[in-house]
Amino acid sequence: MKVTISTFQKLKGNGKITSITAYDALFARIFDGEVDMILVGDSLSMSFGGNKDTIPLSLDSMIYHTQAVSKVVKKSLLIADMPFGSYNTNKSALKNATKLYKEGGADAIKIEVNENKIDMVKMLSDNGIATMPHIGLMPQFYRFEGGYKIKGKSKEEKDSMLELALKLQDAGAFSLLIEGTKSDIARDITQNLKIPTIGIGSGNHTDGQILVWSDMFGFFDEFKPKFVRQYLNGKELLKKSIKQYADDVKNLRFPNDDESY
Ligand code: KIV
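Residues numbered from 1 in each chain as written. Predicted model: local features only at pLDDT ≥ 70, side-chain atom pairs only at ≥ 80, totals over all residues. Heavy atoms only, no water.

Student: Even after reading the chapter, I still don't get the packing of aromatic side chains, so can you show me in this structure?
Tutor: Each aromatic ring pair is specified by the distance between its two centres and by the angle formed by the two planes. Enumeration over the complete set of coordinates arrives at 11 aromatic pairs. Where Phe31 meets Phe217, the ring centres are 6.0 Å apart and the plane angle is 40°; that geometry is what we call tilted. With Phe31 in helix α2 (residues 25-31) and Phe217 in the loop between α10 (213-216) and α11 (234-250), the pair connects residues that are 186 residues apart, well separated along the chain. We note that Phe31, like Phe217, is buried. On the basis of an interplanar angle of 65° and a centroid distance of 5.4 Å, the ring pair of Trp213 and Phe219 is categorised as edge-to-face. Look at Trp213 and you get buried, because its relative accessible area is 4%. Counting every residue linked through ring pairs, the aromatic cluster contains Tyr23, Phe27, Phe31, Phe48, Trp213, Phe217 and Phe219. (Phe/Tyr/Trp six-rings, centres within 6.5 Å; stacked < 30°, edge-to-face > 60°. Helix = DSSP H or I, 4+ residues; strand = E, 2+ residues; numbered from the N terminus. Buried < 20%, exposed > 50% of the residue type's maximum accessible area, 1.4 Å probe, protein only.)

Student: Just checking my understanding: could you explain the domain arrangement of the chain for this structure?
Tutor: A common way to express how large an interface is: the accessible area buried when the components associate. Domain boundaries assigned for the chain yield domain 1 (5-230) and domain 2 (234-261). On a C-alpha basis, the centres of domain 1 and domain 2 stand 39 Å from each other. (Domains from an automatic or database assignment.)

Student: I keep staring at the side chain of Ser92 and nothing clicks. Help me out?
Tutor: The topology assignment puts Ser92 in helix α5 (residues 90-104). Among the polar contacts listed, one links the side chain of Ser92 to the backbone nitrogen of Asn88, at a separation of 3.4 Å. Those residues in contact with Ser92 that lie beyond four places of it in its chain are Ser86, Tyr87 and Ala97. (Polar contact = N/O pair within 3.5 Å; in protein donor to acceptor, adjacent residues only side chain to side chain. Contact = heavy atoms within 4.5 Å.)

Student: Please explain the site of the ligand as it appears in this structure.
Tutor: Around the ligand lies a shell of 13 residues, among which Gly41, Asp42, Ser43, Asp81 and Lys110 are the nearest. In the model, an oxygen atom of the ligand is placed 2.9 Å from a nitrogen or oxygen of the Asp42 side chain. Summarising the interface, the protein chains cover 96% of the accessible area of the ligand, which totals 260 Å² for the free molecule. The class makeup of the residues in the shell around the ligand is 5 nonpolar, 4 polar and 4 charged. (Near = heavy atom within 4 Å. Areas by Shrake-Rupley, 256 points an atom, 1.4 Å probe, with all protein chains shown as cover. Nonpolar A, V, L, I, M, F, W, Y, C, P; charged D, E, K, R; others polar.)

Student: How do you make sense of unusual backbone geometry when you look at a structure like this?
Tutor: Negative phi values dominate among residues other than glycine, just as trans dominates among peptide bonds. Residue Phe254 is joined to Pro255 through a cis peptide bond whose omega torsion reads -5°. Considering the arrangement of structural elements, one finds Pro255 in the segment after α11. Of note in the backbone geometry, Leu252 takes a positive phi value of approximately 60° without being a glycine. Tracing the chain through its elements places Leu252 in the segment after α11.

Student: What is the right way to look at the sheet that holds strand β7 (residues 197-200) in this model?
Tutor: What holds strands together in a sheet is hydrogen bonding between their backbones, with the strands either parallel or antiparallel. Reading around the barrel, the 8 strands line up as β1-β2-β3-β4-β5-β6-β7-β8 and close back on themselves, with parallel pairing between neighbours. Each neighbouring strand pair of the sheet contributes to a mean axis angle of 25°, computed without reference to strand direction. With 4 bridges joining them, strand β1 (residues 17-21) and strand β8 (residues 208-211) adopt parallel strand pairing. Of the residues in β8, the one forming a bridge with Ile20 is Leu211. Running at roughly 150° to strand β2 (residues 37-40), helix α4 (residues 59-70) makes contact with β2 and β3 (77-81) of the sheet. Sheet strands in contact with helix α9 (residues 183-192) are β5 (131-136), β6 (176-179) and β7, and its direction is about 170° off that of β6. (Pairing = 2+ DSSP bridges. Axes fitted to C-alpha atoms, helices over the stretch in contact; angles between N-to-C directions.)

Student: Hey, could you run me through the pairing of β6 in this one?
Tutor: Regular strands show a simple pattern: their side chains alternate between the two faces of the sheet. With burial as the criterion, each face of β6 is covered, one bearing Leu176 and Ile178 and the other bearing Leu177 and Glu179. Relative to β6, β5 is paired through 3 bridges, and the arrangement is parallel. Bridging from a neighbouring strand, Ile135 pairs with Ile178 of β6. With 4 bridges connecting them, β6 and β7 associate as parallel partners.

Student: How should the packing of α5 against helix α6 (residues 118-126) be read in this particular structure?
Tutor: When two helices pack together, their arrangement is captured by the angle between the axes and the distance separating the axes. Taken N-terminus to C-terminus, the directions of α5 and α6 make an angle of 40°; their axes are 10 Å apart at the nearest point. If you check the angle between α5 and α6, you find them oblique. In this structure, α5 meets α6 at a crossing whose hand is right-handed. In contact with Asn90, Ala93, Leu94 and Ala97 of α5, α6 contributes Asp119, Met120, Met123 and Leu124. The residue makeup of the contact of α5 with α6, split by class, is 6 nonpolar, 1 polar and 1 charged. (Parallel < 35°, antiparallel > 145°, perpendicular 65-115°, else oblique. Left-handed = near helix turned anticlockwise from the far one by under 90°.)

Given below as structure tokens:
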């Protein structure tokens, strides 16, 4: 059964919600149905695009990757990130989110949101575009803030995050992604909201968790945040295999007779 926006929302309070990123059909096919939700995250700018941050990613690239993933995802809920600069104003947000939603084929979009973007969430939701605001540490503010900064350290910051979360729920957000915050504020938001919260680097009290697949499977090791648990040593396994292949070719062990016509 395909997870829809409404079945996803019903997962709140019924055990933890699971999610992962995917950027292409190959991996999305493997992940589909194993987790409740798949995100075509703009983190693909770093792991696939080779960029230092998420900022260079274009809307066209995001549409291309979302199309690849949506072609094969049949069970998990599918969400696509709006890239940096594609939702600076309500007008550009509606135009670009409509394009991504129509052409990409995801069930919902995700935008990084502060107090200035509450109206945008309402406007997108009112126009039938299911929207997941991303709060706390926002990777698209990496250059502006001079790095990745954990949020919710002071009482003031915690209070304004909770207020923001409540306003976003009222504005029509179907779920919230909370990144890089102290666990207690992620817990307070989760307990005060009716919509599900998905956390990354925000402790164990959110309704669900998400990790970036290339981090958790050990393919991307240029930057390893403390919250990442590595489930596979992907880079080492591939390195070993590519070396073996090259060695086989050089030493005339590949192809053998069975592998030839
Ligand atoms: O782009 C992404 O992969 C994300 C994660 C931090 C969830 O937004």
